[in-house]
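Structure assessment
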Amino acid sequence: DTAVSQTPKYLVTQMGNDKSIKCEQNLGHDTMYWYKQDSKKFLKIMFSYNNKELIINETVPNRFSPKSPDKAHLNLHINSLELGDSAVYFCASSRGFGHGGSNEQFFGPGTRLTVL
Amino acid sequence: DAKTTQPNSMESNEEEPVHLPCNHSTISGTDYIHWYRQLPSQGPEYVIHGLTSNVNNRMASLAIAEDRKSSTLILHRATLRDAAVYYCILRDETSGSRLTFGEGTQLTVNP
């Protein structure tokens, strides 16, 4: 019973390609996120969706486009991949806004993207 | 979000208690103190959170200083599985749901 799942786990691709990472949560949460962890292990938020609406967009290049078809899914599409996009991407989910600072997030296992 | 300061690394022996400190001298009244940990090759995992009072759960205890400028995550009996990077994060009640991760403390547990 995986709470937050991501596919694929590993993704190796050439520069310039377009790729997608999928995320699904079965926790009934309203809010989903994408985080990026670079080679120095810094974890940084990229996007947040609440009830399928974009809430947080952290100065991420517009080659990155999140899409939320429904509350349980948040996919990340990346166009024209660059070497610097190589990282581990984590999806997370939590209850919606209104639960304040006590709201915990549940993370997926991550997708390791390698751009050659 | 206000900043936190943690030691880069700490070591412990198996079966012994571990006290992981975190300084957050600029904490505001609406900031919750959250702890997450990241085991090798896994996503971050929620550990515990608190606002003013000390908190206990099945994973750990959180001791919060009276002035809230520091806190300590306590693992009562470290196991090898507790080896991870531990992140102390302040989360503003009004800033929405983002988590702002710092560098964390790499905990090594010796057998």
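Our subject is the structure listed above.
Per-chain numbering applies: the sequence of each chain, read as written, is numbered from 1 onward. Each chain is given a letter, starting from A, and each ligand a number, starting from 1, according to the order in which they appear as written. It should be noted that, the model being predicted, local features are given only for residues of pLDDT at least 70 and side-chain atom pairs only at 80 or more, the latter also being counted only at that level, while totals for whole chains, interfaces and linings use all residues. The side-chain quantities take in all heavy atoms of the structure and omit both hydrogens and water.

Salt bridge, as applied in this entry: a Lys or Arg side-chain nitrogen positioned within 4 Å of an Asp or Glu carboxyl oxygen. Tallied over the full model, the rule gives 6 salt bridges over all chains. Across the pair Asp85(A) and Arg63(A) runs a salt bridge whose closest N-O atoms are separated by 2.8 Å. Remark: Arg63(A) occurs in the loop between strand S6 (53-57) and strand S7 (64-70) and Asp85(A) occurs in the loop between strand S8 (73-78) and strand S9 (87-94); sequence separation between them is 22 residues. A salt bridge links Asp82(B) to Arg37(B); its shortest N-O distance comes to 2.8 Å. Here Arg37(B) lies in strand S3 (residues 31-38) and Asp82(B) lies in the loop between strand S7 (70-75) and strand S8 (84-92), a separation of 45 residues in the sequence. Each member of the pair, Asp82(B) as well as Arg37(B), carries the same accessibility label: buried. One network of salt bridges, with partners in common, ties together Arg63(A), Glu82(A) and Asp85(A). Strands here mean DSSP runs of E at least two residues long; helices mean DSSP runs of H or I at least four residues long; both are numbered from the N terminus. When accessible area is computed with a 1.4 Å probe and restricted to protein chains, residues below 20% of their type maximum are described as buried, those above 50% as exposed, and intermediate ones as partly exposed.

What makes two residues a contact is simply this: any of their non-hydrogen atoms within 4.5 Å. Listed by partner, the interface residues are 21 residues for chain A and 20 residues for chain B. Both sides of the chain A and chain B interface together cover about 1700 Å² of buried area, and 53% of this is carbon and sulfur. Where chain A meets chain B, there are 0 salt bridges. Pairing of N or O atoms within 3.5 Å defines a polar contact, subject to two protein rules: one partner must be a possible hydrogen donor and the other a possible acceptor, and residues neighboring in sequence count only if both atoms are side-chain atoms. Connecting chain A to chain B are 3 residue pairs in polar contact (both at pLDDT 80 or more). Elements with a minimum of two residues in the side of chain A that touches chain B: strand S4 (31-37), strand S5 (43-50) and S9 of chain A. It is S4(A) that contributes the most residues to the side of chain A that touches chain B, 3 residues altogether. Put simply, buried area is how much 1.4 Å-probe accessible surface two parts lose in total, over both of them, once they are put together.

All names here are of chain B. Looking at the secondary structure, you find Glu11 in strand S1 (residues 9-13). For Glu11, a relative accessible area of 60% translates into the label exposed. Beyond its immediate sequence surroundings of up to four residues, Glu11 is in contact with Thr108 and Asn110. Separated by 2.6 Å, the side chains of Glu11 and Asn110 make a polar contact.

The subject of this paragraph is the state of the cysteines. Criterion for a disulfide: a pair of cysteine sulfur atoms at a distance within 2.5 Å. Using the criterion set out here, one finds 2 disulfides over all chains in the structure. The residue that forms a disulfide with Cys23(A) is Cys91(A), at a sulfur-sulfur distance of 1.8 Å. Measuring handedness by torsion sign, the sulfur bridge of Cys23(A) and Cys91(A) sits at about -80 degrees and is left-handed. Separated by 68 residues along the polypeptide, Cys23(A) in strand S3 (residues 19-25) and Cys91(A) in strand S9 bring together distant segments of the chain. Cys22(B) shares a disulfide with Cys88(B); S-S distance 2.1 Å. Its S-S torsion of approximately -85 degrees makes the covalent link between Cys22(B) and Cys88(B) left-handed. Note that Cys22(B) is positioned in strand S2 (residues 18-23) and Cys88(B) in strand S8, a separation of 66 residues in sequence. For the pair Cys22(B) and Cys88(B), one class covers both residues: buried.

Right, let's get into the nonpolar core. Formed by 21 residues in total, the largest nonpolar core has its most connected members in Leu20(B), Ile33(B), Trp35(B), Leu73(B), Leu75(B), Tyr86(B) and Leu107(B). For this core, the secondary structure elements donating two or more residues are S2, S3, strand S4 (45-50), strand S6 (61-64), S7, S8 and strand S9 (105-110) of chain B. With 4 residues, S8(B) is the largest single contributor of residues to this core. Setting aside anything within four residues of it in sequence, one finds Leu107(B) in contact with Met10(B), Ser12(B), Val18(B), Leu20(B), Leu75(B), Asp82(B), Ala83(B), Ala84(B) and Tyr86(B). Grouped together as the second largest cluster of nonpolar side chains are 20 residues, Met32(A), Trp34(A), Met46(A) and Val60(A) included. Note on terminology: a nonpolar core comprises buried Ala, Val, Leu, Ile, Met, Phe, Trp, Tyr and Cys residues joined through side-chain atoms within 4.5 Å.

Fair warning: the whole summary comes from geometry, so function is off the table for now.
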